[in-house]
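Chain by chain, the residues run as shown.
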Amino acid sequence: MIKNLLPEGFHDSLPPLAEAGFRLERDVLDTLASHGYARVSPPLVEYEDVLTGRMKGSTKSDLMRFVDPISQRTLALRPDITMQIGRIAATSLSRAARPLRLSYSGQVLQLRSGQLRPERSRLQIGAELIGSDSVAAASEIVSVAIEALMQAGLTGITVDFTMPDLVDILSAGPLPLSDADAAEVRGELDMKDAGGLAELGATGYLPLIEATGPFDDAMAKMRAFASDDLLTSRLDGIAAIAATIKDKANLTLDPTERHGFEYQNWFGFTLFAEGFVGAMGRGGSYEIPAHDGGTENAVGFSLYPGPLIDAGFSAKRKNTVFLPLGHDSQAAAALRLDGWRTVAALSQDDKAEDLRCTHILVGPTPQEI
């Protein structure tokens, strides 16, 4: 008996969803290419120490590892492609002109699955703009991300802005906290627990819970909170980015949202779409370790289109012509050049209906079944 049992979190992608997935991937990458993002393709496996040297917010325990029988060094399967793009930018493309625009697509492996997304292997598509994290660069990245989702067929897109290092800035300045207390405050803010903040004696952070929701209202509350100008430039930057996309998406602000923003700094954003639970993608500003020991500013985003593929996005029905035995081969070739699909009979037993064909070639002409 042939077994068809796969490890937990893995599955086969079958027709027509597999083809729909490749079509969606191509459409998104074509959108990125149209904005000047050149495609790169890093490997699925790297040396563990090279990979973890660029990881933030994760540990070696998050990686699936094995020993390379050739080098005897420990290898790891990538959990994210963004860090690999940083490596490429800092090494192979270190002399390329900046800003450097790169796009990518590939499978990434999660050691553990989540409740909303049980898959452990998933497709990641993204773009990185390296060499700048200015408002102009950030505005381009957010706009391109929205366009890519629209090209994939999504509507009702919402962009939720955040400030990933907000607590770091406040705890080191006007609202001082120890590292341990800051970690507890972050946890209470994650849960939007006003009582928990009060118990910690961190009442100065309470306004951050209120400054969450529709963008304009939340931004007004943040500006009132940041009355000492400490955050003014960051708020001005996020407001400027929002102004460039206000006609393309719904906008919200959650200044303390941290999920998925382990390495972003002054701004981040999460993408949602009508009809789908959970995020479609995330992005923001961050720093890349440079070859000379310094850092380089960058902005980018990653999309995880698995739910779109599972929902049948890009699963377009194609006209398929059944070619009976003895068919006109020149007519069939001409149809393929015109974009038709053909399925040739191999025996008298082959039937057009069984092979899911929509037409049958009669002489030089396809006739609908």
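Only a predicted model underlies this, so the values are computations on that prediction, with no experimental measurement involved.

**Q** Break down empty space enclosed by the protein for me, citing the residues and quoting the values.
**A** Tallying each qualifying case throughout the model produces two cavities of 30 Å³ or more. Of the pockets and cavities examined, the second largest cavity occupies roughly 40 Å³. Met163, Pro164, Leu166, Val167, Arg186, Pro255, Thr256 and Arg258 together form the lining of the second largest cavity. Here the lining of the second largest cavity is built from residues that sort into five nonpolar, one polar and two charged.

**Q** Give a description of the nonpolar core that names residues and reports values.
**A** Membership of the largest hydrophobic core comes to 62 residues, with the highest contact counts inside it found for Val159, Phe161, Tyr205, Met222, Phe267, Phe269 and Phe301. Sort the elements by how many residues they give to this core and helix H4 (residues 135-151) lands first, with nine residues. With 13 residues, the next largest nonpolar core counts Leu100, Tyr104, Ile130 and Tyr304 among its residues.

**Q** Please provide a residue-by-residue account of the pattern of salt bridges, values included.
**A** Opposite charge on two side chains makes pairing possible when the charged atoms of those side chains draw close. Scanning the entire structure with this criterion turns up 12 salt bridges. Between Glu19 and Arg341 there is a salt bridge whose closest N-O contact spans 1.7 Å. Here Arg341 lies in strand E14 (residues 341-344) and Glu19 lies in helix H1 (residues 17-34), a separation of 322 residues in the sequence. Of the charged contacts in the structure, one is a salt bridge between Arg65 and Glu48, with a shortest N-O distance of 3.2 Å. In this pair, Arg65 sits in strand E3 (residues 64-67) while Glu48 sits in helix H2 (residues 48-52), placing the two residues 17 residues apart along the sequence. Assessed through its relative accessible area of 10%, Glu48 is described here as buried. The structure contains a network of salt bridges with shared partners spanning Glu19, Arg23 and Arg341.

**Q** Give a description of the packing of H1 against H4 that names residues and reports values.
**A** H4 packs onto H1 with a crossing angle of 145 degrees between their chain directions and a minimal axis gap of 9 Å. For the pair H1 and H4, the crossing hand works out as right-handed. Together, Asp27, Val28, Thr31 and Leu32 of H1 and Val144, Glu147, Ala148 and Gln151 of H4 make up the contact between the two elements. Counted by class, the contact of H1 with H4 contains four nonpolar, two polar and two charged residues.

**Q** Please provide a residue-by-residue account of unusual backbone geometry, values included.
**A** Omega for the bond connecting Pro15 with Pro16 falls within 30 degrees of zero, at 0 degrees, which places this linkage in the cis form. Locating Pro16 in the fold gives a position in the segment before H1. Across the junction of Arg98 and Pro99, the peptide omega takes the value 0 degrees, indicating a cis bond. Although it is not a glycine, Gln72 adopts a positive phi angle of roughly 65 degrees. With respect to the helices and strands, the residue Gln72 is situated in the loop between E3 and strand E4 (74-77). One non-glycine residue with positive phi stands out, namely Arg356, at about 55 degrees. With respect to the secondary-structure elements, Arg356 resides in the loop between E14 and strand E15 (359-362).

**Q** A description of the sheet that holds E4 should follow, citing residues and the corresponding values.
**A** Taken in spatial order, the three strands of this open sheet run E2-E4-E3, and their pairing is antiparallel. The outermost strands of the open sheet, each flanked by one partner alone, are strand E2 (45-47) and E3. The average angle at which neighbouring strand axes cross in this sheet is 35 degrees, direction not considered. In the sheet, E3 pairs with E4 via four bridges, with the strands oriented antiparallel. Each bridged residue has a counterpart across the sheet, and for Phe66 the counterpart in E4 is Leu75.

**Q** Could you give an account of the sheet that holds strand E11 (residues 281-289), naming the residues involved and the relevant values?
**A** Adjacent strands of a sheet form backbone hydrogen bonds with each other and so pair up, either parallel or antiparallel. Spatially, E1-E5-E6-E12-E11-E10-E7-E9-E8 is the arrangement adopted by the nine strands of the open sheet, whose pairing is mixed. Two strands close off the open sheet at either side, each with one partner strand: strand E1 (38-39) and strand E8 (213-214). Pairing between strand E10 (residues 268-272) and E11: four bridges, direction antiparallel. Bridge assignment links Thr270 to a residue of E11, and that residue is Arg282. In this fold helix H10 (residues 232-245) packs onto strand E7 (158-162) and strand E9 (250-253), with an angle of close to 175 degrees to the strand it touches most, E7.

**Q** Quick rundown of the pairing of E9? Include the residues and the values.
**A** Alternating positions in E9 separate cleanly, Leu251 and Leu253 being buried on one face and Asn250 and Thr252 remaining unburied on the opposite face. When E8 meets E9, the two strands line up antiparallel, connected through two bridges. The partner of Gly213 across the bridge, within E9, is Leu253.

**Q** Lay out the packing of aromatic side chains with the relevant residues and their values.
**A** What the rule picks out here adds up to four aromatic pairs. With 5.0 Å between their ring centres and 45 degrees between their planes, Trp266 and Phe267 make a pair best called tilted. No difference in accessibility class separates Trp266 from Phe267, as the two residues are buried. With centroids separated by 5.9 Å and ring planes inclined at 15 degrees, the aromatic side chains of Phe267 and Phe269 adopt a geometry described as stacked.

**Q** I'd like a description of the layout of surface pockets, backed by residues and values.
**A** It is the rolling of a water-molecule-sized probe over the atoms that shows where space remains empty. Within this model, the second largest pocket holds a volume of roughly 570 Å³. Lining of the second largest pocket is provided by 24 residues; of these, His11, Ser13, Gln107, Leu123 and Ile309 occupy positions nearest its centre. Within the residue set of the lining of the second largest pocket, elements represented by two or more residues are H1, strand E6 (121-130) and helix H11 (306-310). Looking at the lining of the second largest pocket element by element, the count peaks at five residues for H1. Looking at the lining of the second largest pocket, its residues break down into 11 nonpolar, seven polar and six charged.

Rules behind the numbers
Residues numbered from 1 in each chain as written. Predicted model: local features only at pLDDT ≥ 70, side-chain atom pairs only at ≥ 80, totals over all residues. Heavy atoms only, no water. 1 Å grid on protein atoms, 1.4 Å probe; cavity = no way out; pocket = protein on both sides within 12 Å on 5 of 7 lines; lining within 4 Å. Points joined across faces, edges and corners; volume = space filled by probe spheres on them. Nonpolar A, V, L, I, M, F, W, Y, C, P; charged D, E, K, R; others polar. Core = buried A, V, L, I, M, F, W, Y, C linked by side-chain atoms within 4.5 Å. Buried < 20%, exposed > 50% of the residue type's maximum accessible area, 1.4 Å probe, protein only. Helix = DSSP H or I, 4+ residues; strand = E, 2+ residues; numbered from the N terminus. Salt bridge = Lys/Arg side-chain N within 4 Å of Asp/Glu carboxyl O. Axes fitted to C-alpha atoms, helices over the stretch in contact; angles between N-to-C directions. Left-handed = near helix turned anticlockwise from the far one by under 90°. Contact = heavy atoms within 4.5 Å. Pairing = 2+ DSSP bridges. Phe/Tyr/Trp six-rings, centres within 6.5 Å; stacked < 30°, edge-to-face > 60°.

This is a description of form; function is not addressed.
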